[in-house]
Amino acid sequence: MGGFLLEVPRLPILNETIRNLYFHVCMWMAMMIMFIVSFIYSIKYLGNTSHRNDIYAKSYAVMGTVFGVLGYATGAVWANYTWVTDQSQSLGSILKEPKLIGAAIAILIYGAYFVLRGSFTDMDKRARVSAVYNIFAFAMLFPSIWIIPRMVGSLHPGAPGSDSGNPALSYNDIDSSLRQVFYPAIIGWTLLGVWIATLKIRIELMRDRELLK
Amino acid sequence: MLKRIATLLKKDILLELRQQHTFYGILLYIAATIFVLYLSMPDSPDAPIWNSLFWVIQLFVCVNTVAKSFLQESRGRMLYFYSITSPVEFIVAKLIFNTILMMLMSGISLLLFFTLLGNPSTDTVRFIGIVLLGGSSISLVFTLMSAIAAKAQQNAALIAILGFPVILPILLLLMRLSKAAFGEVFKEGAVWQLAGLIAGLDVLVIALAVILFPFLWKE
């Protein structure tokens, strides 16, 4: 699985900055997938209160946050070369861009989720309350990331006014040679995240083995 | 069921009327904050600054108003409610009560803003409508946050941590929407679209609160 990580950047690519497509866009997708998985496990926890589901939800949320921070960082690098055109325009003015706000909200929400988890001493209570917050936060996050940026002008592709639909997914704004790497890269990043998350889960399961019996 | 919700609501209002010191406390909080703003700002600030200040104040007023809704209930009293009502009725009563309370507070702070900081809006009636919508949606979110935070130990700070990221999208939409009342020309139908989106988020919050609160409730 680590092979994906090594393989991706080496492939021949047309432009220099488009290389970032493999990292930036895929990381956001991997982040969303991680958060969705975490959300599903939270619902499962409320359905049947097994401690295992709580560990799953937490680990996937951790991985989603890691991808979120990485995606933010790669996006900042990318924006620095493509959006910052003249000298007077600083990175600070770009940060008010709607999708970046959504991303910042996502990271803040999951930060709050971990703070909430930390503030409990009782295990069952912690699992239950944080599952409730996770579901609520995810449901609020979804419109803020997917709907609102589509409604207001944005520098990202996919905003109204630009002719592209779903950024990097539609047929005519991505070259076929890019697609060769792009789709495996999404899968690769996701699998990498799943792998790390399962490692974390296994460590925690071993630690709490007596509890689960 | 409706009758029991009404009874719970009546109990909350009665409690508020009896413990007037908390009510006046919040009132004083609003007045003091806006007075500080009045002293520190130049006379009649521009509409964008006025707008952003107003919503930030709303946010903090709401944290202080709604925060206590679950904190004031002692463990024993919660147990009592647990034995006589269902969680859905309880949370619905709380949501309605907090919405009414927050609308009242929004109205008061709007009045103070108008008197002390001037009225830059071109369409006051519309702005009042937006403020009432905004106040209710902020209070809905913070009611659930307060229910969550009440389960944790150091709860007062936790409400802000939990609530702010969740409220951000709504707040941004509200700020954008209220520009409509400051004379900015919108596309045809865009105002209603934005208002509808906020109302939709409100419905989402209420639905989630009703679904999720029973899990918080049992102890």
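Residues numbered from 1 in each chain as written. Chains lettered and ligands numbered in written order. Predicted model: local features only at pLDDT ≥ 70, side-chain atom pairs only at ≥ 80, totals over all residues. Heavy atoms only, no water.

Colleague: What is the right way to read the pattern of salt bridges from this model?
Modeller: Opposite charge on two side chains permits pairing when their charged atoms draw close. Tallied over the full model, the rule gives two salt bridges over all chains. Among the salt bridges present, the one from R117 of chain A reaches D54 of chain A, with a minimum N-O distance of 3.1 Å. Residue R117 of chain A is found in helix α5 (residues 98-118), and its partner D54 of chain A is found in helix α3 (residues 51-82); the two are separated by 63 residues along the sequence. Across the salt bridge formed by E89 of chain B and R4 of chain B, the nearest N and O atoms sit 3.5 Å from each other. Of the two residues, E89 of chain B sits in helix α5 (residues 87-117) while R4 of chain B sits in helix α1 (residues 2-18), which places them 85 residues apart along the sequence. For R4 of chain B, a relative accessible area of 42% gives the class partly exposed. (Salt bridge = Lys/Arg side-chain N within 4 Å of Asp/Glu carboxyl O. Helix = DSSP H or I, 4+ residues; strand = E, 2+ residues; numbered from the N terminus. Buried < 20%, exposed > 50% of the residue type's maximum accessible area, 1.4 Å probe, protein only.)

Colleague: For this particular structure, what's the right way to read the nonpolar core?
Modeller: Among the nonpolar cores identified, the biggest contains 122 residues, and Y133 and F136 of chain A together with F142 of chain B are the most heavily contacted of them. Ignoring anything within four residues of it in the chain, the contact list for Y133 of chain A reads I109, A112, Y113 and L116 of chain A together with M145, I148, L162 and V166 of chain B. (Core = buried A, V, L, I, M, F, W, Y, C linked by side-chain atoms within 4.5 Å. Contact = heavy atoms within 4.5 Å.)

Colleague: When you look at the packing of α1 of chain B against helix α2 (residues 20-40) of chain B in this model, what are you seeing that I'm missing?
Modeller: Think of two packed helices as two axes; the pair is described by the angle between the axes and how far apart they sit. Residue and element names in this part refer to chain B. At a closest axis distance of 5 Å, the pairing of α1 and α2 adopts a crossing angle of 80°. With respect to their mutual orientation, α1 and α2 come out roughly perpendicular. Packed against α1, whose contacting residues are E16, L17 and R18, the element α2 presents Q20, T22 and F23 at the interface. Residue composition of the contact of α1 with α2, by class: two nonpolar, two polar and two charged. (Axes fitted to C-alpha atoms, helices over the stretch in contact; angles between N-to-C directions. Parallel < 35°, antiparallel > 145°, perpendicular 65-115°, else oblique. Nonpolar A, V, L, I, M, F, W, Y, C, P; charged D, E, K, R; others polar.)

Colleague: I tried to follow the interface of chain A and chain B on my own but got confused; where do I start?
Modeller: Think of interface size as the accessible area that goes away when the parts come together; that is how it is often given. Across the boundary between the two partners, chain A contributes 25 residues, which contact 30 residues of chain B. Of the roughly 2,600 Å² buried at the junction of chain A and chain B (both faces included), carbon and sulfur atoms supply 83%. Considering only the surface of chain A that becomes buried against chain B, R128, F136 and M140 of chain A emerge as the three largest contributors, covering 24% of it. Our count for the chain A to chain B interface comes out at two residue pairs in polar contact (both at pLDDT 80 or more). Among the elements of the structure, α5 and α6 (123-151) of chain A are those that each provide at least two residues to the side of chain A that touches chain B. Considering every element that reaches the side of chain A that touches chain B, the biggest residue donor is α6 of chain A, with 14 residues. Split into classes, the residues belonging to the side of chain A that touches chain B amount to 21 nonpolar, two polar and two charged. (Buried area = accessible area lost by both parts, 1.4 Å probe. Polar contact = N/O pair within 3.5 Å; in protein donor to acceptor, adjacent residues only side chain to side chain.)

Colleague: Can you walk me through the packing of α5 of chain B against helix α8 (residues 190-217) of chain B in this structure?
Modeller: All names here are of chain B. α8 packs onto α5 with a crossing angle of 125° between their chain directions and a minimal axis gap of 9 Å. Here α8 runs oblique to α5, going by the angle between their axes. For the crossing formed where α5 meets α8, the hand is right-handed. Between α5 and α8, the residues in contact are P87, V88, F90, I91, V92 and L95 and I206, A209, V210, F213, P214 and W217, respectively. Looking at the contact of α5 with α8 residue by residue, the class counts come to twelve nonpolar, no polar and no charged. (Left-handed = near helix turned anticlockwise from the far one by under 90°.)

Colleague: Got a minute to help me understand the packing of aromatic side chains in this structure?
Modeller: Here a ring pair, both rings aromatic, is described through the centre-centre distance and the interplanar angle of the planes. Residues and elements named next belong to chain B. One pass over the structure, following the stated rule, counts 18 aromatic pairs over all chains. Consider the rings of W50 and F114, whose centres lie 5.9 Å apart with planes at 20°: the pair is stacked. Of this pair, W50 sits in helix α3 (residues 47-71) while F114 sits in helix α5, and the two are 64 residues apart along the sequence. Taken as a pair, W50 and F114 share a single burial class, namely buried. Three or more aromatic residues link up through ring pairs in this structure, and these residues are W50, F54, W55, F113, F114 and F127. (Phe/Tyr/Trp six-rings, centres within 6.5 Å; stacked < 30°, edge-to-face > 60°.)

Colleague: Which parts of the structure should I look at to understand the environment of W28 of chain A?
Modeller: Residue and element names in this part refer to chain A. Residue placement: W28 occurs in helix α2 (residues 20-47). Using a relative accessible area of 18% as the deciding quantity, one classes W28 as buried. Every residue in contact with W28, bar those within four places of it in the chain, is listed here: G68, G71, Y72 and A103.

Colleague: Honestly, the side chain of N53 of chain A in this entry has me stumped. Any pointers?
Modeller: All names here are of chain A. Mapped onto the fold, N53 is located in helix α3. Given the relative accessible area of 7%, N53 is considered buried. With sequence-adjacent residues up to four places away left out, N53 is seen in contact with Y41, K44, Y45 and N48.

Colleague: I keep staring at the confidence of the model for chain B and nothing clicks. Help me out?
Modeller: Detailed conclusions should not be drawn from predicted coordinates in areas where pLDDT is low. All names here are of chain B. Predicted confidence across chain B gives a mean pLDDT of 81, with 91% of residues reaching 70 or more. Here helix α4 (residues 75-84) stands out as the least confident element of chain B, with mean pLDDT 75; α5 is the most confident, with 86. Interface confidence for the predicted complex, expressed as ipTM, amounts to 0.74; the pTM equals 0.76. (pLDDT = per-residue confidence, 0-100.)

Colleague: What's the story with α8 of chain B in this structure? I'm lost.
Modeller: Each turn of an α-helix holds 3.6 residues, which means side chains three or four residues apart point in the same direction. The end-to-end C-alpha distance of α8 of chain B is 40 Å, a good match for the 40 Å that 28 residues give at a rise of 1.5 Å each. Residue I211 of chain B marks the point of greatest curvature in α8 of chain B, where the axis turns by about 35°; the proline P214 of chain B follows within four residues. (Expected span 1.5 Å × (residues − 1). Bend = angle between axes of the 7 residues up to and from the residue.)

Colleague: What is the right way to look at the side chain of S38 of chain A in this model?
Modeller: Mapped onto the elements, S38 of chain A comes out in helix α2. Once residues within four sequence positions are removed from consideration, S38 of chain A is found in contact with A57, Y60, A61 and N134 of chain A.

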